[in-house]
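What follows is each chain in one-letter form.
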Amino acid sequence: MVHKDKPNPTSRSGGCLCGAVRFNARLNGLHYHICHCGRCRKWGGGPAFGAPASVVEFEDVSAFTSFSSSSHGERLFCRNCGTQLLWRMKDGPTSVIWVGALDHSDDLKLENELFFDAKPGHYCFENTTLKLTSDEMKALYAQHIA
C-alpha cells in the first residue's frame, strides 16, 4: 500500500502584484500578527499584518530588493512594482511574510498585536489577542538587537 504525504498546511506560495517575485514559505503555524511599530506603519501606511515563517525560498532572488530599516532588520519588496513581501532579521532566525503577499491566507488567525503601546488611537481590532508592548518585544529579541 502506498501512502501519499499529506500537504503541509503551513506551506504557502506567494508573490508580488506584478508577478515578478514568487516565493514558497513554511509558516510557523496558522496564525499571523499585527505590528503597530512606527517603522511598519511608516512603510505601509498602517499596521503590518505578518505571518512568521521558518523558511522562505524565492524563485528569482534578482526580482526583489531590500531596505535596511534598522540595525537588526530588513524589509524585502519587489524591484518592479514595490509590493511589500516580508521583514526579516539580518542574522536570520526570524522572517515575517506580509499576509497580503500570500496566495492563500483565509485559514490564518490573528494571534498577537506587537508594539501595542505604539498603536495610534484611530484604529482598533476586535479580536482577542496577546498584546505585547515595545519593552516586551525588546526583551524577547534582546540577543538579536544591538
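Just so we're clear, the structure is a prediction, and the values are computed from it rather than from any experiment.

Caption draft 1: Seen up close, the environment of Ser 134. On the secondary structure map, Ser 134 appears in helix α2 (residues 134-140). Taking relative accessible area as the criterion, Ser 134 reaches 15% and is therefore assigned buried. When sequence neighbours within four positions are dropped, the list of residues in contact with Ser 134 reads Phe 115 and Asp 117.

Caption draft 2: Quick look at the confidence of the model for the protein. Averaged over every residue, the pLDDT of the protein is 91; residues scoring 70 or more account for 92%. Within the protein, the lowest mean pLDDT, 90, falls on α2, and the highest, 97, falls on strand β1 (residues 11-15).

Caption draft 3: Inspection of the side chain of Arg 75 at higher detail. Assignment of secondary structure puts Arg 75 in strand β6 (residues 73-78). Of the side chains bearing the opposite charge, Glu 74 lies closest to the buried Arg 75, which forms no salt bridge; the N-O distance is 9.9 Å. At a separation of 3.0 Å, a polar atom in the side chain of Arg 75 contacts the side chain of Ser 69. Excluding residues that lie within four positions of it along the chain, Arg 75 makes contacts with Cys 37, Arg 39, Cys 40, Trp 43, Thr 65, Ser 66, Phe 67, Ser 69, Leu 86, Trp 87 and Trp 98.

Caption draft 4: Highlighting the nonpolar core. Val 21, Phe 23, Tyr 32, Phe 58, Leu 85 and Ile 97 are the most contacted members of the largest nonpolar core, which has 22 residues in total. Broken down by secondary-structure element, the contributors of at least two residues to this core are β2 (22-27), β3 (31-35), β4 (48-58), β6 and β7 (84-89). Excluding anything up to four places from it in sequence, Phe 58 contacts Val 21, Arg 22, Phe 23, Phe 64, Leu 76, Leu 85 and Leu 86. In this structure, Cys 35, Trp 98, Phe 115 and Met 137 belong to the second largest nonpolar core, which totals twelve residues.

Caption draft 5: Representation of unusual backbone geometry in the model. Even without a glycine there, the phi angle at Phe 115 is positive, about 55°. Assignment of secondary structure puts Phe 115 in the loop between β9 (109-114) and β10 (130-132).

Caption draft 6: Representation of the packing of aromatic side chains in the model. For the coordinates displayed, the defined rule picks out six aromatic pairs. Plain terms: the ring middles of Tyr 32 and Phe 49 are 6.2 Å apart, the flat faces sit at 40° to each other, and that makes the pair tilted. Placement of the pair is Tyr 32 in strand β3 and Phe 49 in strand β4, with a sequence separation of 17 residues. Linked through ring pairs, Tyr 32, Phe 49, Tyr 123 and Phe 125 together constitute an aromatic cluster. For Lys 119, the ring lying beneath its charged end belongs to Tyr 123, and the centroid distance is 5.2 Å. Across from the ring centre of Phe 116, 5.4 Å away, lies the NZ or CZ of Lys 131, which sits over that ring.

The rules we used
- Residues numbered from 1 in each chain as written.
- Predicted model: local features only at pLDDT ≥ 70, side-chain atom pairs only at ≥ 80, totals over all residues.
- Heavy atoms only, no water.
- Helix = DSSP H or I, 4+ residues; strand = E, 2+ residues; numbered from the N terminus.
- Buried < 20%, exposed > 50% of the residue type's maximum accessible area, 1.4 Å probe, protein only.
- Contact = heavy atoms within 4.5 Å.
- pLDDT = per-residue confidence, 0-100.
- Lys, Arg positive; Asp, Glu negative; His and termini not counted.
- Salt bridge = Lys/Arg side-chain N within 4 Å of Asp/Glu carboxyl O.
- Polar contact = N/O pair within 3.5 Å; in protein donor to acceptor, adjacent residues only side chain to side chain.
- Core = buried A, V, L, I, M, F, W, Y, C linked by side-chain atoms within 4.5 Å.
- Phe/Tyr/Trp six-rings, centres within 6.5 Å; stacked < 30°, edge-to-face > 60°.
- Lys NZ or Arg CZ within 6 Å of the ring centre and 35° of its normal.

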